[in-house]
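Overview (structure and organization)
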Amino acid sequence: LALDASHARAMADLALAVQAKGTPDAYKEARKLYERSIAVEPGFVRARYNLAVLLEAMGETRAAELRYAEVLEARPDHLMAANNLGTIHHAAGSYEAAIRVYEDALRHAPEAPPLRFNYALALLAVGRDADKALELLEELALPAPDGNAYGLRAYQVLQDLKMRGR
C-alpha cells in the first residue's frame, strides 16, 4: 500500500486524538504518528507544528525549538509557531533570539496581540527600547471590543512596572 498525502493527514489527525489522552504512552504514540505523517508528506506543516507542540509538552524543548524553526522556514507567517519559538527562547534567557523571532513574525502580522505582548516583554528583559515596549503594552491594555485576552496581562505588567518605579 503506497501512502499519500491523504494518509499523512489521517495519521496526523489520529496523532492529535491520541495526544489528547495526555499520558506519557499516548505522547510517545502520537509522536510516532506525527513523524510517520511527516515522512509520508514532508511539506505537511500542520503535522510539523503539532509535533513541535507535543515535543514541548513532553519537555523536549530543544527538539521542539528545531521543529518550530522548520515550520517557520516553510511558513514564515505561522504566527503560533513564531510565538511558541519566541517563548522558548525567552524562557531560556535568549532574549535577543526571542526578539528576532518576534520581529520577523510581526512583519507578517503587526497587530497580533500575543506577538506584541511577548515582544514587549523580551524588549524589557534586555532593557532595550523600553519606550517601545511600554507603548506596545499600553496599546494592548486598552479595552478591546474583541475581548483581547492580552489586554489584562498587559495591564498587569504595566501595574507591576509602576509599583517597581519603572
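Parameters at a glance
Each residue is numbered by its place in its chain's sequence as written, counting from 1. Since the coordinates come from a predicted model, pLDDT governs what is reported: local features require at least 70, and pairs of side-chain atoms require 80 or more to be given and counted, while whole-chain, interface and lining totals use all residues. The side-chain quantities take in all heavy atoms of the structure and omit both hydrogens and water. Numbering of helices and strands runs from the N terminus; a helix is a DSSP stretch of H or I covering at least four residues, while a strand is a stretch of E covering at least two. Accessibility here uses a 1.4 Å probe with only protein chains present; expressed as a share of the type maximum, an area under 20% marks a residue as buried, one over 50% as exposed, and anything in between as partly exposed. Contacts are residue-level and defined by heavy atoms, with any inter-residue pair within 4.5 Å sufficient. Only the protein chains shown count as cover for residues, and all accessible areas are computed by the Shrake-Rupley method using a 1.4 Å probe. Each reported salt bridge corresponds to a side-chain nitrogen of Lys or Arg within 4 Å of a carboxyl oxygen of Asp or Glu. Take the buried residues of types Ala, Val, Leu, Ile, Met, Phe, Trp, Tyr and Cys, join any two whose side-chain atoms come within 4.5 Å, and each joined set is a nonpolar core. The angle between two axes is taken between their N-to-C directions and runs from 0 to 180 degrees, where each axis is a line fitted to C-alpha atoms and a helix contributes only its stretch in contact. Just so you know how the angles are binned, under 35 degrees is roughly parallel, over 145 roughly antiparallel, 65 to 115 roughly perpendicular, and the rest oblique. By definition, any crossing whose near helix is turned counterclockwise from its far helix by less than a right angle is left-handed, and any crossing with a clockwise turn is right-handed. Here the term charged refers only to Asp, Glu, Lys and Arg, the term nonpolar to Ala, Val, Leu, Ile, Met, Phe, Trp, Tyr, Cys and Pro, and the term polar to all other amino acids, Gly among them.

1. Description of the overall build of the protein chain
- Helix and strand content of the protein chain: nine helices and zero strands.
- Ordered by position from the N terminus, the helices and strands of the protein chain form the series α-α-α-α-α-α-α-α-α.
- By principal-axis analysis of the C-alpha atoms, the protein chain measures approximately 65 × 35 × 30 Å.
- Here the protein chain holds 166 residues, and the buried ones make up 40% of them.
- Restricting to contacts in the protein chain with at least 6 residues of sequence separation, those with at least 24 account for 43%.
- Carbon and sulfur atoms make up 54% of the accessible area of the protein chain, which amounts to about 9,300 Å² in all.

2. Regarding the pattern of salt bridges
- With the rule as written, the count across this model stands at 13 salt bridges.
- One network of salt bridges, with partners in common, ties together R31, E35 and E60.

3. Considerations on the environment of L123
- Structurally, L123 is set in helix α7 (residues 113-126).
- Accessibility expressed as a relative area gives 0% for L123, which makes it buried.
- Each residue touching L123, except ones within four places of it in the same chain, is listed here: I99, R128, D129, K132 and A133.

4. Brief notes about the side chain of N83
- Structurally, the position occupied by N83 is in helix α5 (residues 79-91).
- With residues near it in sequence (within four places) discarded, N83 still touches Y102, P114, L115 and N118.

5. Some remarks on the nonpolar core
- Ranked by size, the top nonpolar core spans 48 residues in total, and within it Y34, Y68, L115, F117, Y119 and L137 carry the most contacts.
- Ignoring sequence-local partners within four residues, the contact set of Y34 consists of A12, A15, L16, Q19, A47, N50, L51 and L54.

6. Let's talk about the environment of L158
- Residue position: L158 is located in helix α9 (residues 149-163).
- For the pair L158 and A141, spaced 17 residues apart in sequence, the C-alpha to C-alpha distance is 8.4 Å.

7. A closer look at the packing of helix α6 (residues 95-108) against α7
- Where α6 meets α7, the closest approach of the two axes is 9 Å, and the angle between their N-to-C directions is 150 degrees. With respect to their mutual orientation, α6 and α7 come out roughly antiparallel. In terms of crossing hand, the pair formed by α6 and α7 is left-handed. Across from Y95, E96, A98, I99, Y102, E103, A105 and L106 in α6, the residues of α7 making contact are L115, R116, N118, Y119, A122, L123, A125 and V126.
- The class makeup of the residues in the contact of α6 with α7 is twelve nonpolar, one polar and three charged.

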